[in-house]
Amino acid sequence: MRTVFVILFLCLLCPQMLSAAGHDQLGVQTHYGHKTWEPISTLDAIQALGVGWIRDDLLWKSVEKEKGKLEIPDFAWEWIKAAKARDLKIVLTLHGANEDVYEDPHDMQAYANFARFAATQLKGYVDVLELINEPFNHFRRKMPGSTEDNSHWNGWNPQTGAVDPWVIKYSQTMNAMAQAIHEAAPNQYKIIGLGCSPPVNARLLKVGVSPLVDGLVLHPYSHRMVPELLAWGSQPSFLERDGITVGDSQGTFASVMKDMMKLSAQFNGPKELWLTEQGYTTYIPADKPKAKYAGFTESAQAKYAQRRFMECLGMGIRFASWYNFYNKGDHPHQVQDHFGLMRRDGSLKPSYFAIQNVARTMLNWADEPWGDVKIYFNVGRPDTWPVVWDGATLASSGEARAYTFANEKQRAVAIWSTERADGDLQSRAADVLITSDRLVTGITAMDMLTGEQSKVSFEQVGQLVKIEKLMLLDHPTFLILQIGEPAVAKSQNHSDHFAKAEAWQFHSPKNIDAKWRMEKNNEQSVGILDFNL
């Protein structure tokens, strides 16, 4: 099977395919900024993937090795220019501590100076500057005076309700960096930041985010769950844990994203959502049975990648990046080694082709709410492996997702079942009702995993399009609608709607005298109930 992937990979690198720009909302994480972690030669496969972006790091300590003397290293320029030559845009994370030079490894003024220098040097090469990766991690832990009592990953003290000092410091550092970038290169970069869990991001928004920060960063890993769920939401145990909840009671991805942007608007925060990390690992669990991440099959990784990216596109999220492109290592039981789309030997996982299909298919489509989609399953599918996370049970309801898209001439619906991938049961049939203000002249279903296409039988009455017993898969199907003239809505108010009392089931309780009668009122039938107690 790996031989097949390698052959396909080589075919994908033909010159005419490498010349096209990638999808501007999609990207992958690389690790060129760590020098020896990933060979620059993988850029060719990323270009062929069809995404428009890579995300990588510029480590502060690699730039300022001596106090006050800053220089971008040659190896960084090498990969930055190589990406630019392949028309790949760059999200560059200004990241890392510098304990070798400064007593405070995240000295605020020095970090701002680093940001100013980078912005000055990288104009024309980098498109987005992200201000420190996951500050709840190293930034928090290396803060001088940090203890278990005053430093928590979720940014608050559950005993006092106070916001942790590190949250305040990161807010000040982020805002200082944004100001420095703006002064050095006004309007040259998109500036994005925050990058914490939803509760911490909510606290940062309340503390105050500079208007120079354009994008709110979130890393919505689903860990052991389906991609439509996150370990957040309105659960009592989460409220006790975090002091704040974001999202609905199910912890759906869509609700958490919407709530984050509502909070951002409420506190005059960033207007765009940048999901700069998310992914699934294909490691084999052995040593840590209670690890945060489950080990998924390569097939499930591929299907979940498509589901997450299609939901991001359907919601109009500005940017979604997959973590990561190249496996970090080969140890079969190491979680972090197996998030990649490419193995260490250069062969490609099914997830590579799954994301490629999404990027290429969706290149000329945009999310557009042109109609409503309702889905009715004939058979339920409860989650056979619900996840208990910090006292809350998170389980897929087995419902469906549907998002509408349009291009210049067509409309489309992306649709799938949110069940766990690769189960032992057949896909379920569902009746699908689509409202369309245009006549539909034909529908083609494309399996986004395989690319196979088939014609779909349907019936349209007025503006209602009905598809009976459509097979909903555990990965997206893309329904492409050929449209014609405007469709006239069929009136639902018929004069004979209540014409016969026999159409109603009326039960008269004992000791109540009741009578049902029909009358005409303005050419409509009206049912009247007379009763005496």
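This is a predicted model, so every value here is computed, not measured.

Draft legend 1. Looking closely at the overall build of the chain. Assigned secondary structure in the chain consists of 13 helices and 22 strands. Long-range pairs, those at least 24 residues apart, make up 72% of the contacts in the chain with a sequence separation of at least 6.

Draft legend 2. Here's a closer look at the pattern of salt bridges. In total, this model carries 24 salt bridges according to the counting rule given. In this structure, lysine 69 and glutamate 66 form a salt bridge, with 3.4 Å as the shortest nitrogen-oxygen distance. For the salt bridge of aspartate 372 with lysine 374, the shortest nitrogen-to-oxygen distance reads 2.5 Å. The exposure class of lysine 374 is partly exposed, given its relative accessible area of 41%.

Draft legend 3. Main features of the sheet that holds strand β17 (residues 453-455). Overall, antiparallel pairing links the six strands, which are arranged β9-β13-β14-β20-β16-β17 in an open sheet. Strands with a single pairing partner mark the edges of an open sheet, and in this sheet they are β9 (366-367) and β17. Summarising the sheet, strand β14 (residues 410-417) and strand β20 (residues 477-486) pair through six bridges and their orientation is antiparallel. Bridge pairing in β20 places glutamine 410 opposite glutamine 482.

Draft legend 4. Spotlight on the environment of leucine 464. Along the chain, leucine 464 turns up in strand β19 (residues 464-472). Residues leucine 464 and leucine 433, 31 residues apart in the sequence, show an inter-C-alpha distance of 6.7 Å. Leucine 464 has contacts with Leu433, Ile434, Thr435 and Glu459, leaving out every residue within four places of it along the chain.

Draft legend 5. Expanded view of the sheet that holds strand β2 (residues 51-59). Taken in spatial order, the eight strands line up as β1-β2-β3-β4-β5-β6-β7-β8 and close into a barrel, and their pairing is parallel. Across this sheet, the average inter-strand angle for adjacent strands is 25°, counted without regard to direction. Relative to the sheet, helix α11 (residues 253-266) contacts β6 (215-217) and β7 (272-275), its axis offset from that of β7 by approximately 135°.

Draft legend 6. How the structure looks around the nonpolar core. If you look at the biggest cluster of nonpolar residues, it comprises 116 residues, and the most contacted ones within it are Ile54, Leu94, Leu122, Met310, Phe325, Phe405 and Phe478. Setting aside residues up to four positions removed in sequence, isoleucine 54 forms contacts with Val28, Thr30, Tyr32, Leu43, Ile46, Trp79, Ala83, Leu88, Lys89, Ile90 and Val91. Trp370, Ile434, Ile443 and Leu481 belong to the second largest nonpolar core, which has 19 residues in total.

Draft legend 7. Representation of the pairing of β14. The element β14 is largely enclosed, with a buried count of seven among its eight residues. Across seven bridges, strand β13 (residues 400-406) lies against β14 in antiparallel orientation. Directly across from tyrosine 403, in β14, lies its bridge partner alanine 414. Taken together, β13 and the strand that follows it, β14, pair antiparallel across an intervening segment of three residues.

Draft legend 8. Layout of the packing of helix α6 (residues 108-121) against helix α8 (residues 165-184). One can describe the packing of α6 onto α8 by two numbers: an axis separation of 8 Å at closest approach and a directional angle of 30°. Classified by chirality, the crossing of α8 by α6 is right-handed. Taken together, the residues of α8 that come into contact with α6 (itself represented by Met108, Tyr111, Ala112, Ala115, Arg116, Ala119 and Thr120) are Gln172, Thr173, Ala176, Met177, Ala180, Ile181, Glu183 and Ala184.

Draft legend 9. Examining the confidence of the model for the chain more closely. Of the residues in the chain, 88% reach a pLDDT of 70 or more, and the chain-wide mean stands at 90. Contacts from residues 1-19, a stretch scored under 50 in pLDDT, to residues over four places away or in other chains number 29 contacts. Confidence over residues 494-507 falls short of pLDDT 50; this stretch has 16 contacts with residues more than four positions distant or in other chains.

Draft legend 10. Layout of the environment of serine 396. Position of serine 396 relative to the elements: it lies in the loop between β12 (392-394) and β13. Sequence separation between serine 396 and glutamine 250 is 146 residues; the distance between their C-alpha atoms is 8.4 Å. Filtering out sequence-adjacent residues up to four positions away, serine 396 remains in contact with Val226, Leu229, Pro382, Asp383, Thr418 and Glu419. Within the structure, the side chain of serine 396 is placed 3.1 Å from the backbone nitrogen of glycine 398, a separation counted as a polar contact.

Draft legend 11. Local environment of the packing of aromatic side chains. In this structure the tally under the stated criterion is 26 aromatic pairs. When the ring of tryptophan 77 is compared with that of tyrosine 125, the centres are 5.2 Å apart and the planes differ by 75°; the resulting orientation is edge-to-face. One end of the pair, tryptophan 77, is in helix α5 (residues 74-85); the other, tyrosine 125, is in the loop between α6 and β4 (128-131), and 48 residues separate them in sequence. Taken together, the ring pairs in this structure connect Tyr280, Phe296, Tyr304, Phe309 and Trp322 into an aromatic cluster. Between lysine 81 and the ring centre of tryptophan 77, over which it is positioned, the NZ or CZ distance is 5.3 Å. Directly above the aromatic system of phenylalanine 377 lies the positively charged group of arginine 428, at a separation of 3.7 Å from the ring centroid.

Draft legend 12. Looking closely at unusual backbone geometry. Tyrosine 323 connects to asparagine 324 through a cis peptide bond whose omega is -10°. Phi angles above zero are rare outside glycine, and isoleucine 132 is one such case at about 75°. A residue is classified by how much of its surface remains accessible, and isoleucine 132, at 3% relative accessible area, is buried. Residues other than glycine seldom take positive phi values, yet aspartate 422 does so here, at roughly 65°. Along the chain, aspartate 422 falls in the loop between β14 and β15 (428-435). Overall, aspartate 422 belongs to the partly exposed group, its relative accessible area being 33%.

Draft legend 13. Local environment of the pairing of β15. Along β15, the buried face is formed by Arg428, Ala430, Val432 and Ile434; none of Ala429, Asp431, Leu433 and Thr435, which line the opposite face, is buried. Relative to β15, strand β10 (residues 373-377) is paired through five bridges, and the arrangement is antiparallel. Looking at the pairing, isoleucine 375 lines up with valine 432 of β15.

Draft legend 14. Structural view of the packing of α11 against helix α12 (residues 298-315). Direction vectors running N to C along α11 and α12 enclose 40°, while the axes themselves pass 11 Å from each other. In terms of orientation, α11 and α12 fall into the oblique class. Where α11 crosses over α12, the handedness of that crossing is right-handed. Across the interface between the two elements, Phe253, Ala254, Met257 and Lys258 from α11 touch Arg308, Glu311, Cys312 and Met315 from α12.

Procedures and definitions
Residues numbered from 1 in each chain as written. Predicted model: local features only at pLDDT ≥ 70, side-chain atom pairs only at ≥ 80, totals over all residues. Heavy atoms only, no water. Helix = DSSP H or I, 4+ residues; strand = E, 2+ residues; numbered from the N terminus. Contact = heavy atoms within 4.5 Å. Salt bridge = Lys/Arg side-chain N within 4 Å of Asp/Glu carboxyl O. Buried < 20%, exposed > 50% of the residue type's maximum accessible area, 1.4 Å probe, protein only. Pairing = 2+ DSSP bridges. Axes fitted to C-alpha atoms, helices over the stretch in contact; angles between N-to-C directions. Core = buried A, V, L, I, M, F, W, Y, C linked by side-chain atoms within 4.5 Å. Left-handed = near helix turned anticlockwise from the far one by under 90°. pLDDT = per-residue confidence, 0-100. Polar contact = N/O pair within 3.5 Å; in protein donor to acceptor, adjacent residues only side chain to side chain. Phe/Tyr/Trp six-rings, centres within 6.5 Å; stacked < 30°, edge-to-face > 60°. Lys NZ or Arg CZ within 6 Å of the ring centre and 35° of its normal. Parallel < 35°, antiparallel > 145°, perpendicular 65-115°, else oblique.

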